[in-house]
Amino acid sequence: MTILEEAAQTSITKILIYLCLPLTVAVVFWYMIGFSEDNSICHKNYDDGGKVVCHPACPSRHFCIPGMTECRPWLACQDFQSVHFRVGKLIAKSAVKMVYQAEWKGHTIVLISLANSEYRKDFLHGLDMLTAFQGSQYVTQLLGSCDDSYVTEYHRLGSVKNVNRILQMSQYKELNNIQGRLGLCINYAAIINYFHTSPRGTRVMCDSNYLEKTLSQYLLHDDLSIVANDLDALPKIDRSTGLLIRCGHRQIYGDFPAPEQRWPYNDHNFTDLEMPPYDEKTDIWKIPDVCSFFLDDVPGSDGVRFHLFKIHRQCKEHSPDLRPTAKEVLETYREVHRKLVS
Ligand SMILES: Nc1ncnc2c1ncn2[C@@H]1O[C@H](COP(=O)(O)OP(=O)(O)O)[C@@H](O)[C@H]1O
Ligand SMILES: [Mg+2]
């Protein structure tokens, strides 16, 4: 071999080592991350011995629910009217909507119908928000819509109101401890953070004037992860234009809502127009009460409450500007959780 040929061979080897090898490693990594995190959604099924069940993450305007292996386009009017679609029992009823259990091709789903045309605006706002946030792990899966109705994934464990009862069941005992319960606080703060920094701007979870009401807007997956479900009152704040909000048009009472949500004048009666508007920090005020409900009084909850004392006190600052952001609350929760498990 000539010196020239030898030099050429060394160069090729170097190119192979320095360029191709890292490139191959990067491609393999990208493939692995892409497929394990982005392309499938997994939940542990505690009713089936903790078996992990995965389904593919779907492209826009498609869905996949447990029992399906492939994504399919959202159901449209012809599907709602087909023989494969059956409406079942009424699950809940409010001024705005009727919530029914339904069946489509053997899958249990949920049908939500407008209850009163006076509330069409709220109903359609909820549907618009649900549509906008599809693809997020923090929001119920939409399966399609037709006129004044839409369908969503069925969550057999129901709303977050039930969580303490569910945690008593034997199959969930592995989650019924302080780590699992702080996990619920983390999940809740992550949802609030998602809405405060959402692709559709800073959104406030308005339909939350008392604890039970707040909890009823969120549903539980089989693995007890939480998703936001009722998005009928999610107005937008815009700091750059000074746009603030009021939650509804009625007077708000009680200690659960933030102080700035209450009527501030003693000398005259409430009028909607005179009510000073406020921002997303009302959601922050409510976080400690929701988290406290999750922590309950299991062993270790006193210690965790002690570690959360400072951040929770800050959430309860009278002045909204002094309250932390949802991201700060979330980071503190995660920090305390890390210490608990280490
Ligand atoms: N997809 C669903 N799976 C299971 N239960 C649901 C589902 N959607 C709603 N529900 C039940 O219906 C209740 C009311 O739903 P929600 O969307 O908050 O409507 P509204 O408050 O307008 O009546 C929830 O708290 C929950 O108990
Ligand atoms: Mg509701």
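Residues numbered from 1 in each chain as written. Chains lettered and ligands numbered in written order. Predicted model: local features only at pLDDT ≥ 70, side-chain atom pairs only at ≥ 80, totals over all residues.

Enquirer: Explain the environment of Thr-152 here, please?
Expert: With respect to the helices and strands, Thr-152 occurs in strand E9 (residues 149–153). With 41 residues separating them along the chain, Thr-152 and Leu-111 place their C-alpha atoms 6.7 Å apart. If near-sequence neighbours (up to four positions away) are discounted, Thr-152 is found in contact with Val-110, Ile-112, Thr-140, Gln-141, Leu-142 and Leu-143. (Helix = DSSP H or I, 4+ residues; strand = E, 2+ residues; numbered from the N terminus. Contact = placed C-beta atoms within 7 Å.)

Enquirer: Which parts of the structure should I look at to understand the sheet that holds strand E7 (residues 107–114)?
Expert: Read from one edge of the open sheet, 5 strands run E5-E6-E7-E9-E8, paired in antiparallel fashion. The two strands at the open ends of the sheet, each matched to only one other strand, are strand E5 (85–93) and strand E8 (142–146). Strand after strand, the sheet turns through a mean of 25 degrees between neighbouring axes, direction not considered. The sheet contact formed by strand E6 (residues 97–104) and E7 spans 8 bridges and is antiparallel. Within the sheet, the bridge partner assigned to Met-98 lies in E7 and is Ser-113. (Pairing = 2+ DSSP bridges. Axes fitted to C-alpha atoms, helices over the stretch in contact; angles between N-to-C directions.)

Enquirer: Please clarify how the confidence of the model for the protein chain should be interpreted in this entry.
Expert: As a general rule, the predicted coordinates of low-pLDDT regions are not to be interpreted in detail. In the predicted model, the protein chain carries a mean pLDDT of 91, and the fraction of residues at 70 or more is 89%. Residue range residues 24–37 is modelled with pLDDT below 50. Its contacts to residues more than four positions away, or to other chains, number 1 contact. (pLDDT = per-residue confidence, 0-100.)

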